[in-house]
Amino acid sequence: MASIGNFFRRSLRRSGRGGKEEAPAAENPSRVPQGRAGERSSLLYSAGQFFFEYLVVVSLRRMADGRYEPKITYQFPKRENLLKGQKEEEERLLQAIPLFCFPDGNNWAPVTEFTSETFSFVLTNVDGSRKIGYCRRLLPSGRGVRLPEVFCIISCLGCFGLFSKILDEVEKRRQISMAVIYPFMQGLRESPFPAPGKTVTIKSFIPESGTELIELTRPVDAHLEHVEFQALLQQLSPQLILHIFASAVLERRLIFLAQELSVLSQCIHAVAALLYPFTWAHTYIPVVPECLLDTVCCPTPFMVGIQMRHLERVLDQPMEEALIIDLCEGKILRAVGDEEEILPIKLQNEMLTSLNRHNNNNNVHTPEQVNSLVSEAFVHFFVRTVGHYASHIKWSKSGSGSFQERAFCKAIASRTNRKFVKKFVRTNMFSLFIEEAEKSRIPQEGNGPLSPLGVGELWLGERDAPCTQRDAARGGGCSGQ
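As the structure is a computational prediction, the values presented were derived from the model and not from experiment.

(A) Geometry of the environment of Thr211. Inspection of the secondary structure puts Thr211 in strand β7 (residues 210-217). Judged by its relative accessible area of 56%, Thr211 falls in the exposed class. Non-local contacts of Thr211, meaning those with residues more than four positions away in its chain, are made with Lys203, Ser204 and Phe205.

(B) Representation of the sheet that holds strand β4 (residues 130-138). What the five strands build is an open sheet, ordered β2-β1-β5-β4-β3; its pairing is antiparallel. The open sheet has two edge strands, β2 (68-76) and β3 (117-124), and neither has a second partner. Each adjacent strand pair in this sheet contributes to an overall mean axis angle of 25°, direction not counted. Sheet contacts for helix α3 (residues 84-101): β1 (54-62), β2, β3, β4 and β5 (149-155); angle to β3, the most-contacted strand, approximately 145°.

(C) Structural detail: the side chain of Arg189. With respect to the helices and strands, the residue Arg189 is situated in helix α5 (residues 181-189). Buried within the structure, Arg189 lacks any salt-bridge partner; Glu53 is the closest side chain of opposite charge, at an N-O distance of 7.3 Å. Within polar-contact distance, the side chain of Arg189 engages the backbone oxygen of Phe52 at 2.7 Å. The contact partners of Arg189, leaving out residues within four places of it in the chain, are Phe50, Phe52, Glu53, Phe76 and Pro77.

(D) Expanded view of the pairing of strand β11 (residues 323-326). Neither face of β11 is exposed, since Leu323 and Ile325 on one face and Ile324 and Asp326 on the opposite face are all buried. Where strand β8 (residues 253-258) and β11 come together, four bridges link them in parallel fashion. Note that in β11 the partner of Phe256 across the bridge is Ile325. Hairpin connection from β11 to strand β12 (residues 331-334): four residues lie between these consecutive antiparallel strands, with Gly330 at a positive phi of about 65°.

(E) Up close: the pattern of salt bridges. Counting across every chain of the model gives 17 salt bridges. A salt bridge links Asp65 to Arg67; the nearest nitrogen and oxygen atoms lie 2.6 Å apart. Glu212 serves as the salt-bridge partner of Lys172, at 3.2 Å between the closest nitrogen and oxygen. In this pair, Lys172 sits in helix α4 (residues 160-174) while Glu212 sits in strand β7, placing the two residues 40 residues apart along the sequence. Classification of Lys172 as partly exposed rests on a relative accessible area of 36%. If you follow the salt bridges from partner to partner, you end up with Glu169, Lys172, Arg173 and Glu212 in one network.

(F) Just the packing of aromatic side chains, in detail. Taken as a whole and assessed by the stated rule, the structure comprises 25 aromatic pairs. Ring geometry for Phe52 versus Phe76: centroids 6.3 Å apart, planes at 40°, classification tilted. Placement of Phe52 in the loop between α2 (40-43) and β1 and of Phe76 in strand β2 is noted, with a sequence separation of 24 residues between them. Note that Arg189 overlies the ring of Phe52, its terminal NZ or CZ placed 5.8 Å from the centroid.

(G) Structural view of the pairing of strand β10 (residues 302-307). Within β10, six of the six residues are buried, which leaves the element mostly enclosed by the surrounding structure. Going residue by residue along β10, you find Phe302, Val304 and Ile306 tucked away on one face and Met303, Gly305 and Gln307 tucked away on the opposite face as well. With six bridges joining them, β8 and β10 adopt parallel strand pairing. Bridge pairing links Ile255 to Val304 in β10. Where strand β9 (residues 283-285) lies against β10, three bridges are found, and the strand directions are parallel. Each bridged residue has a counterpart across the sheet, and for Thr283 the counterpart in β10 is Phe302.

(H) The sheet that holds β9, seen in detail. If you walk across this open sheet you meet the five strands as β9-β10-β8-β11-β12, and the pairing is mixed. Since the sheet does not close on itself, it has two edges, and those belong to β9 and β12, each with one partner. The sheet shows a mean angle of 25° between the axes of neighbouring strands, direction not considered. Strand contacts of helix α8 (residues 261-273): β8, β9 and β10, with the helix running at about 165° to β10, the strand carrying the most contacts.

(I) Here's a closer look at the confidence of the model for the protein chain. Residues at a pLDDT of 70 or more form 80% of the protein chain, whose mean pLDDT is 79. Scored below 50 in pLDDT, residues 1-47 makes 142 contacts in the model with residues more than four places away or belonging to other chains. Note that pLDDT drops below 50 for residues 443-481; the model gives that stretch 78 contacts with residues more than four away or on any other chain.

(J) Focus on the nonpolar core. Of all hydrophobic cores here, the largest spans 104 residues; its most connected members are Ile97, Phe245, Ile255, Phe256, Met303 and Phe378. Broken down by element, this core gets its largest block of residues, nine residues, from α8. When neighbours within four sequence positions are excluded, Phe378 is seen to be in contact with Ile241, Leu242, Phe245, Leu274, Met351 and Leu355. Judged by nonpolar contacts, the second largest core, of 27 residues, contains Phe76, Tyr134, Leu138 and Leu157.

How each quantity is defined
Within each chain, residue numbers correspond to sequence positions counted from 1 in written order. Local features in this predicted model are restricted to residues whose pLDDT is 70 or higher, and side-chain atom pairs enter the listing and the counts only when it is 80 or higher, whereas totals over whole chains, interfaces and linings include all residues. Based on all heavy atoms of the structure, the side-chain values leave hydrogens and waters out of the count. The way it works is that DSSP assigns letters per residue, a run of H or I at least four long becomes a helix, a run of E at least two long becomes a strand, and they are numbered from the N terminus. Working definition: with a 1.4 Å probe on protein chains only, accessible area under 20% of the residue-type maximum means buried, over 50% means exposed, and in between means partly exposed. Contacts are assigned to residue pairs that have any heavy atoms within 4.5 Å of one another. Pairing between strands is defined by DSSP: at least two bridges between them are needed. With axes taken as lines fitted to C-alpha atoms, and helix axes fitted only over the stretch in contact, angles between N-to-C directions fall between 0 and 180 degrees. Asp and Glu are treated as the negative residues and Lys and Arg as the positive ones, with His and the ends of the chain left uncounted. We define a salt bridge as a side-chain nitrogen of Lys or Arg found within 4 Å of a carboxyl oxygen belonging to Asp or Glu. By the criterion applied in these results, polar contacts are pairs of N or O atoms within 3.5 Å in which, for protein atoms, one can donate a hydrogen and the other can accept it, and in which residues neighboring in sequence qualify only through two side-chain atoms. Classification of ring pairs rests on two measures: the distance between centres of Phe, Tyr or Trp rings, Trp counted by its six-membered ring, which must be within 6.5 Å, and the angle between planes, read as stacked under 30 degrees, edge-to-face over 60 and tilted in between. To sit over a ring, a charge needs its Lys NZ or Arg CZ within 6 Å of the ring centre and within 35 degrees of the ring normal. Predictor confidence is given residue by residue as pLDDT, running from a minimum of 0 to a maximum of 100. Buried Ala, Val, Leu, Ile, Met, Phe, Trp, Tyr and Cys residues form a nonpolar core when they are joined through side-chain atoms within 4.5 Å.

Structure follows, in structure tokens:
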């Protein structure tokens, strides 16, 4: 898996965004920044950056009409002496955050018990940069009925597992006192973001416990650090996962429904990650606030998550064809009807066998192993179908590349593979991938240009024979497969 991931990362060092500009956050709170899935500029980070930009606490405040409205009641750090443009950007960001921390709407009531939950959302700034909100919704300590509050860490770094551990520490300190949170977050802010596979240690003092050493380790494989494929396998069968993947590959409209915010965000992040090394370049909202439910009426592709209690409202919307997935029951509520026919049947069966094998061994694999094994199966699919693309980029003397689409499709020996690829090349994600590839000619050590999909031998799965650059160039994957 490491070699496959490495050649894909070498093939595309994206410097920009993975799609068209989205509407920025406006002063009207019903128009907020919307996320973009999987941009490399947002996922593969250099070490040494700040862990986070803000920690905010969002609480529910009772309004005159009896409804509750989410408001930011704490912000760290407070930024001062901002330029006009920076201040306007911060105001848009802080205006949007409460909507995503409490996407459920205004129908709340004080409670005595509440199970804390962790989820995340994605915001896109006016300049196209992406920020992720990592949220822990919990009930503050105390007696009697109380309202839940959300601790939200805003960061440009995608690493769900690492930030989940940080939120564990925040929640532990919240049960003692808000005052104990500040020194911990200050220590975190002063620490550099670790390189993949490395650990940073934070010293933190807790009354009656003394000084604690908290180790935060970043996963070795950076492109999978914001993903938990186990969550997807727990909610859906491998067959349904392939149907969803097929719809996502052709950039259709996908709506995910679940009761829990954590299930929504984890599963949608996982589906977006199945597209690696391609990226979802359209509207992407893992948890849609109630005030934005009309997003499902959008005629362009989208991938959104909506709480199950809004199901009837969603179905009543005048939407175009969409795949609607019930994550609670593990079934598809509405489909286009051709999902089983999109992917080449032979490759589809191979992926299904691989997913079933990993699903059966889910209890004996660590989450990191599951991530690696599942991602490998889908990377293999792209290697087998479009892995020969670099052989069909024609380079001029000036160094600019021109993709020869007709020759690329014609080179595919398998008729079913060619049928799929002819549809796939029309997607935005493939076009953006090729645009970057045309700019990314990498000289091979020793001689000539290097095919981005052919760095030495690429081992595919557990087979005895490696897939070489020559096999990928044929357009049909490894010989004998």
